[in-house]
Amino acid sequence: MAVQQSVGQDPYFPDNGDSRYRVHRYELALDYRPGPNRLSGTARINAIVGRSPLAEFQLNLADFKIGRVRVDGRQPHYTHRGGRLRVRPAKPLRAGAAFTVEVHWSGNPKPVNSPWGGLGWEELADGALVASQPVGAPSWFPCNDRPADKASYLISVTTPSAYAVVAGGRLLTRTTKASTTTWVYEQSAPTSSYLVGLTIGKYQTVLLGDPGPGGIPQHGHIPAHLLPEFSRDFARQPAMMELFQELFGPYPFDEYAVAVTEEELDVPVEAQGLSLFGANHVDGARGSERLIAHELAHQWFGNSVSIADWRHIWLNEGFAKYAEWLWSERSGGRTAQQLAAVAHRLLSSQPQDLRLADPGRKAMFDDRLYERGGLAVHAVRCALGDEAFFLMLRSWVRLHRGGAVTTEAFAAHVGRFAREPVEGVFAAWVRGAALPSLPVFRAGG
């Protein structure tokens, strides 16, 4: 695993995260009451100091009441303002030292403000869901909220027994006492804070396909009345899983789950080992199948192989977009070349002032980034030819599993698989703004 962390603050979100230490495990114990939308929690955070002694550090946490903070069992000095919990231990923590932070908090969770509206914990008509990308994780738990700081998670959620709790990872136990049930999930793979997924609702659980010996369990969690449509819409997800493992390498986690809320969502929500869809994405006609492929592909690109900071988001979205095209190509639909031509025509009529290598915060989720990202991946495929391209992809995923990467690292990696220099491809498609000509396969490519 190679982790290439950004130095200092994230240029897009300087108030989020603290690069002076890293977390290796979160243990969260939550109690949530849907009616009053009341959340109380305890976090035990195991972390390691960086190369310099740590006299103080910061966690990100939204506007909750803080009940208690401890560092290695001792009471520190702390302040909590503007979404930042600043902690000064009783004595500085030495360089390289392991330390433990304990935080108790409570309140009414709500999305945190962002340029894209509210992000994070969202109260539903009957339940809740978490949609954190990129900076919504502090809406429900204290964290070092930077994508490169990846940790394992143990999450315990107690809620009224009428509700199911779905989280990314493996369900360890489900224990009912009186009128409440406690669900305990383990996500052992390194996970970015924004990718910790959770939803609480009245769901029926089904198994998608037969994973077989050594296969990946795939579960669906849906409102019972949507089961007939869901069964058709997601019927081909096991085939997607099989294809993507062939093209990208082994699925990087223990299992995969999808959940469908009763309410509509503008777009599906990615999380590690879990994707959340709205009722509007289930129509019984496979109308959202490309989105099912997109979210599944994120498990490799974005979740297992994460980005060092948000400047590199095209590495997440460009590959997920291209996975849509690969699924279409391999399942009898339009080819990647045909879909690339569609994307190219679309982009040619739009402003050409976006650079994938550093799109700026305002353009992080611009539709042009997704389409141009897919085209950039297609350009790399055209330059390498299929055999070298898919060998390169599988190597990239294997080398950086559980880690964080940059655009520069990807360009260097591609270069090692190319018969001819690919600097021109990256200069035109990734670092330049003007739209290059449509890339096409070489003869025999």
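Above this text sits the structure in question.
None of the values given here were measured: they were computed from a predicted structure. Going along each chain's sequence as written, the residues are numbered from 1 onward. Local features are withheld for residues below a pLDDT of 70 in this predicted model, meaning they are given only at 70 or higher, and side-chain atom pairs are given and counted only at 80 or more; totals for whole chains, interfaces and linings count all residues. The side-chain figures draw on all heavy atoms in the structure; neither hydrogens nor water molecules are used.

Q: Hey, could you run me through the overall build of the protein in this one?
A: Counting from the N terminus, the helices are the DSSP runs of H or I reaching at least four residues and the strands are the DSSP runs of E reaching at least two. When its secondary structure is counted, the protein shows nine helices and 21 strands. Its C-alpha atoms give the protein a radius of gyration of 22 Å, near enough to 22 Å, the size a compact globule of 445 residues would have. C-alpha extents for the protein along the principal axes are approximately 65 × 55 × 45 Å. Partly exposed residues are those whose accessible area sits between 20% and 50% of the maximum for their type, while under 20% is buried and over 50% is exposed, using a 1.4 Å probe and protein chains only. Looking at the 445 residues of the protein, the share that counts as buried comes to 58%. The globule rule used here is 2.2 Å times the number of residues to the 0.38 power, and the radius of gyration it is set against is calculated over C-alpha atoms.

Q: Can you walk me through the environment of N280 in this structure?
A: As for its placement among the helices and strands, N280 is situated in the loop between β19 (274-277) and α3 (289-297). Its relative accessible area of 32% is what places N280 among the partly exposed residues. Separated by 14 residues in the primary sequence, N280 and D266 have C-alpha atoms spaced 8.6 Å apart. Only heavy atoms matter for contacts: two residues are in contact if any of them lie within 4.5 Å across the pair. Every residue in contact with N280, bar those within four places of it in the chain, is listed here: E263, E264 and L265. Any pair of N or O atoms that falls within 3.5 Å is considered a polar contact. Within protein, one atom must be able to donate a hydrogen and the other to accept it, and sequence-neighbouring residues count only if both atoms are side-chain atoms. Looking at N280, its side chain comes within polar contact range of the main-chain oxygen of L265, at 2.9 Å.

Q: Could you clarify how one ought to interpret helix α7 (residues 386-399) in this entry?
A: Side chains that are three or four residues apart share a direction in an α-helix, a result of its 3.6 residues per turn. To estimate how far a helix should reach, multiply one less than its number of residues by 1.5 Å. The end-to-end C-alpha distance of α7, which contains 14 residues, comes to 20 Å, matching closely the 20 Å that a straight helix rising 1.5 Å per residue would cover. Three or more residues of α7 are buried, namely A388, F389, F390, M392, L393, S395, W396 and V397. Check the buried side of α7 and you find it contacts α2 (237-248), α4 (314-330), α6 (367-384), β21 (404-405) and α8 (407-415).

Q: Where do I start with unusual backbone geometry in this structure?
A: If a residue is not glycine, its phi is most likely negative; likewise, a peptide bond is most likely trans. Across the junction of Q133 and P134, the peptide omega takes the value 0 degrees, indicating a cis bond. Positionally, P134 belongs in the loop between β9 (127-131) and β10 (151-160). Of note in this structure, N37 is not a glycine but carries a positive phi near 50 degrees. In this structure, N37 sits in the loop between β1 (21-33) and β2 (38-49).

Q: I would appreciate a short explanation of the pairing of β9 in the present structure.
A: Taken residue by residue, a regular strand's side chains alternate between the two faces of the sheet. Counting buried residues along β9, four of its five residues qualify, which places the element largely inside the surrounding structure. In this analysis, strands are considered paired if DSSP registers two or more bridges between them. Strand direction decides the pairing type here: strand β8 (residues 120-124) and β9, joined by five bridges, are antiparallel. What sits directly across from L124, in β9, is G127. As consecutive antiparallel partners, β8 and β9 are separated by two residues. Pairing of β9 with strand β14 (residues 198-201) involves two bridges; the strand directions are antiparallel.

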